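Below, each chain spelled out in residue letters.
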Amino acid sequence: MTLSTVTGAPPAGDTTGRPKAPRPRTAGVSGGPKRPWLAHLILMPTALVFAAPLVWMTLTAFMPDTDINRYPPRLWPSHFTLDGFVRIFTEDNYPRWLANTVIVSAVALAGHLVLCSLAGYGFARLRFRGRTLTFALVMATVMVPTQVLMIPTFLMFRNLGLIDTLGAAFVPWLASAFGVFLMRQFFLSLPRELEEAATIDGCSRLGVFFRIVLPLARPALATLTVFTLLGAWNDLIWPLIAISSEDTYTIQMGLATFAGARHTEWSALMAGNLVATLPLVLVFLVAQRHFVATMSFSGLK
Amino acid sequence: MTVSLGVRRAPAARRRRLLPDLTGWGFVLPATLVIVGLSLFPAVWALLLSLRDGDLITGGAFVGLQNYRDMLDDPDLLSATGHTLLYTVLFVPGSVVIGLPLALALNQPIRLIGFYRTCIFVPYVVSAAATGILANFVFDPQFGVANTLLQAVGLPRLGFLQEPGQAMIVLVVISLWGGVGLPAVVYLAALQDIPRELTEAARVDGASGWHVFRHVIVPQLRPATAFLVIWQTIEALQLFDLVYTTTKGQPLDSTTVIVYYLYQQAFQLFHSGYGAAVAYGLFILTLVVSSITLWYSRRGEATA
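Residues numbered from 1 in each chain as written. Chains lettered and ligands numbered in written order. Predicted model: local features only at pLDDT ≥ 70, side-chain atom pairs only at ≥ 80, totals over all residues. Heavy atoms only, no water.

Once that is clear, we can look at the overall build of chain A. Each helix and strand counted, chain A has 16 helices and 0 strands in total. Scored against the burial criterion, the 301 residues of chain A give a buried share of 55%. A total of about 13100 Å² of accessible surface is found on chain A, and carbon and sulfur atoms cover 65% of it. (Helix = DSSP H or I, 4+ residues; strand = E, 2+ residues; numbered from the N terminus. Buried < 20%, exposed > 50% of the residue type's maximum accessible area, 1.4 Å probe, protein only. Areas by Shrake-Rupley, 256 points an atom, 1.4 Å probe, with all protein chains shown as cover.)

Attention shifts here to the interface of chain A and chain B. Facing the 103 residues of chain A at the interface are 98 residues of chain B. By the criterion of area lost to chain B, the three top residues of chain A are Phe50, Arg129 and Ile151 of chain A, representing 10% of everything that side buries. Summed over the shared surface of chain A and chain B, the number is 1 salt bridge. Between Arg129 of chain A and Asp21 of chain B there is a salt bridge, with the nearest N and O atoms lying 2.7 Å from each other. Ranked by residue count, the leading element in the side of chain A that touches chain B is helix H3 (residues 36-61) of chain A, at 16 residues. (Contact = heavy atoms within 4.5 Å. Buried area = accessible area lost by both parts, 1.4 Å probe. Salt bridge = Lys/Arg side-chain N within 4 Å of Asp/Glu carboxyl O.)

Each packed pair of helices is defined by two parameters, the angle between the axes and the distance between the axes. Residues and elements named next belong to chain B. Running from amino to carboxyl end, helix H5 (residues 75-106) crosses helix H10 (residues 181-192) at an angle of 50°, the nearest separation of the two axes being 8 Å. The angle between H5 and H10 falls in the class oblique. The way H5 lies across H10 gives a crossing that is right-handed. On the side of H5, the interface is formed by Ser95, Val96, Gly99, Leu100, Ala103, Leu104 and Leu106, while H10 contributes Pro183, Ala184, Tyr187, Leu188 and Leu191. (Axes fitted to C-alpha atoms, helices over the stretch in contact; angles between N-to-C directions. Parallel < 35°, antiparallel > 145°, perpendicular 65-115°, else oblique. Left-handed = near helix turned anticlockwise from the far one by under 90°.)

A general tendency of soluble globular proteins is for nonpolar side chains to be buried together. Core analysis: the biggest nonpolar cluster contains 192 residues, and Leu43, Tyr94, Val148 and Phe187 of chain A together with Tyr116 and Phe267 of chain B have the highest contact counts within it. In terms of residues, this core owes the most to one element, helix H16 (residues 266-297) of chain A, which gives 13 residues. Residues in contact with Tyr94 of chain A, not counting those within four places in the same chain, are Ile88, Phe89, Ile251, Leu255, Phe258, Ala271, Gly272, Val275 and Ala276 of chain A. (Core = buried A, V, L, I, M, F, W, Y, C linked by side-chain atoms within 4.5 Å.)

The subject of this paragraph is the packing of helix H6 (residues 94-125) of chain A against helix H15 (residues 251-261) of chain A. All names here are of chain A. The N-to-C vectors of H6 and H15 enclose an angle of 150°; their axes lie 8 Å apart at closest approach. As summarised for this structure, H6 and H15 are arranged roughly antiparallel, according to the angle between their axes. Residues Tyr94, Trp97, Leu98 and Thr101 of H6 pack against Ile251, Gly254, Leu255 and Phe258 of H15. Here the contact of H6 with H15 is built from residues that sort into 6 nonpolar, 2 polar and no charged. (Nonpolar A, V, L, I, M, F, W, Y, C, P; charged D, E, K, R; others polar.)

What follows covers the packing of aromatic side chains. Here the structure, examined in full by the defined rule, presents 32 aromatic pairs over all chains. Seen in terms of ring centroids, Phe186 of chain A and Phe187 of chain A are 6.1 Å apart; in terms of plane orientation they differ by 70°. Their pairing is edge-to-face. Overall, Phe187 of chain A belongs to the buried group, its relative accessible area being 1%. Residues Phe41 of chain B and Trp45 of chain B carry aromatic rings whose centres are separated by 6.0 Å and whose planes lie at 45° to one another, so their mutual orientation is tilted. A residue pair is termed a helical-turn pair when its members lie 3 or 4 positions apart in one helix, as Phe41 of chain B and Trp45 of chain B do in helix H3 (residues 40-49) at 4 residues. Judged by its relative accessible area of 24%, Trp45 of chain B falls in the partly exposed class. Counting every residue linked through ring pairs, the aromatic cluster contains Tyr121, Phe186, Phe187, Phe209 and Phe210 of chain A together with Phe27 of chain B. The ring of Tyr244 of chain B carries the charged tip of Lys248 of chain B above its face, separated from the ring centre by 4.4 Å. (Phe/Tyr/Trp six-rings, centres within 6.5 Å; stacked < 30°, edge-to-face > 60°. Lys NZ or Arg CZ within 6 Å of the ring centre and 35° of its normal.)

The next thing to look at is the confidence of the model for chain A. Any region with low pLDDT has predicted coordinates that should not be read closely. Residue and element names in this part refer to chain A. With 83% of its residues at a pLDDT of 70 or more, chain A has an overall mean of 80. Here helix H1 (residues 3-7) stands out as the element of chain A with the lowest mean pLDDT, 29, in contrast to H6, whose mean of 93 is the highest. Overall, residues 1-32 carries pLDDT values under 50, and its contacts beyond four positions in sequence, including any with other chains, amount to 38 contacts. (pLDDT = per-residue confidence, 0-100.)

For the rest of this paragraph, the subject is the confidence of the model for chain B. Residue and element names in this part refer to chain B. On average, residues of chain B carry a pLDDT of 84, and 93% of them reach 70 or more. Summarising per-element confidence for chain B, the mean pLDDT is lowest in helix H1 (residues 2-5) (43) and highest in H5 (91). Counting interchain partners and residues more than four positions distant, the pLDDT-below-50 stretch residues 1-7 has 6 contacts.

Rendered as structure tokens:
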């Protein structure tokens, strides 16, 4: 249903291609809602207001700085230039920060997908002593705010020699109670019959898990991917605390730092923003059709 | 633990009991170790730290509840708490109240729905750092497009993030831009779970659209609303990233929120003991607000 937006350009480009928004049509929807114009009336202005800053960010990334730092600012570039992108990729540590974040996010994602789905399956299907208590303990951790954990985790990581390494950034993201909960709820919603049939055919527990269960779990894994990447890719406060040397910065720290250092070079800043944001937007667009469905089985309704 | 329970059992029977236990633990142990090891264990440690006057290098001396007493007469903490509560009071109802009509509209099978949905959800994935830089750009008092637009429609120009009286409001507006996507998704999922028969039966009984909404749909959405209020409240009480990338607590400390103050205390002034105490204060505040929300939504369920 939303594939039309997925196959096209990124959303910002999507709207720049047709700056005049398509007119809402009240006729032509058959058997649908009673008052489609009302929905359009709510959605059209909201969608435009929500998209506008990102569209402008994208345009600015391709503008020469002389178009931006003038009064009144130009809304449409006098000419398109890649100058901002060239600057971030040649004059700064930007490529390094981007690579660091890719590493941190990849490790975090791998950890989440493997550990949370294993644990989610264990809690949903396997019977073992201490299961209820352990699950309760894991779920209890969601109540503790990260701010409480920052200081002792900093001290602990310093003792382990992790401070100022990429490990400090990804270790807290290897698994999460939310991920375990999400996967457990998904596995509970699956019919048992398939797994039982496979067990009778002589498949081991791990075999059942990898061959039967995981392939069915694609929607839940897609949702877990989005949430994990959202957290790991966008995290700012923890890397700020745990990382101090510029070579180890994550992209979010880099953005925040060079926003201060280059505060009038808007095309470079917006180019940096765009490059740092696009990967998540793409992941989200690919995964979004699984989203609403996953939300309802996870019990968040 | 298995051994002590199975002492008197035959070895074969014991093995039969042990195997499922080992399999189960094998599945859940790695994630459990990471999660519990990185939250419950440090949480206890933080509590002990909050009873000492440590400086992040040394543990410091045991001071009992002195840090907590200091919190009560700390005017900066008090004003930071005020800023956080102001932000929370504006952001939480704002995001939920805007999210619901958006979800209702997004639930309609109309044209362009994919385009609308994408536009509304995408800001949710934009990081606070990128959002902050973008906000500095849009709300720049001199060159920003916000003032250009205000002037174009004949309104006076504003200082936005550089004006103590406006900065917090602007932060709320920016957060709503990035934060409405979640209520919209959650409500959309909840709406799709309301059985059709329920709304149709109400219509057949002669209820108007508004009545169906008020007396059928809203009560069905109550669990989603409770979840969202708690979730958004926790997010709001923990506001940090956006402040760090826009105002850094300025102008005149008007946007110094609790977590920003905590960050300064613990990691810039190295008052780790005091920082830990402030963190626990925030924890308690979060628990109180969440409990009130839960209690209120349960009570509503009982009387509805």
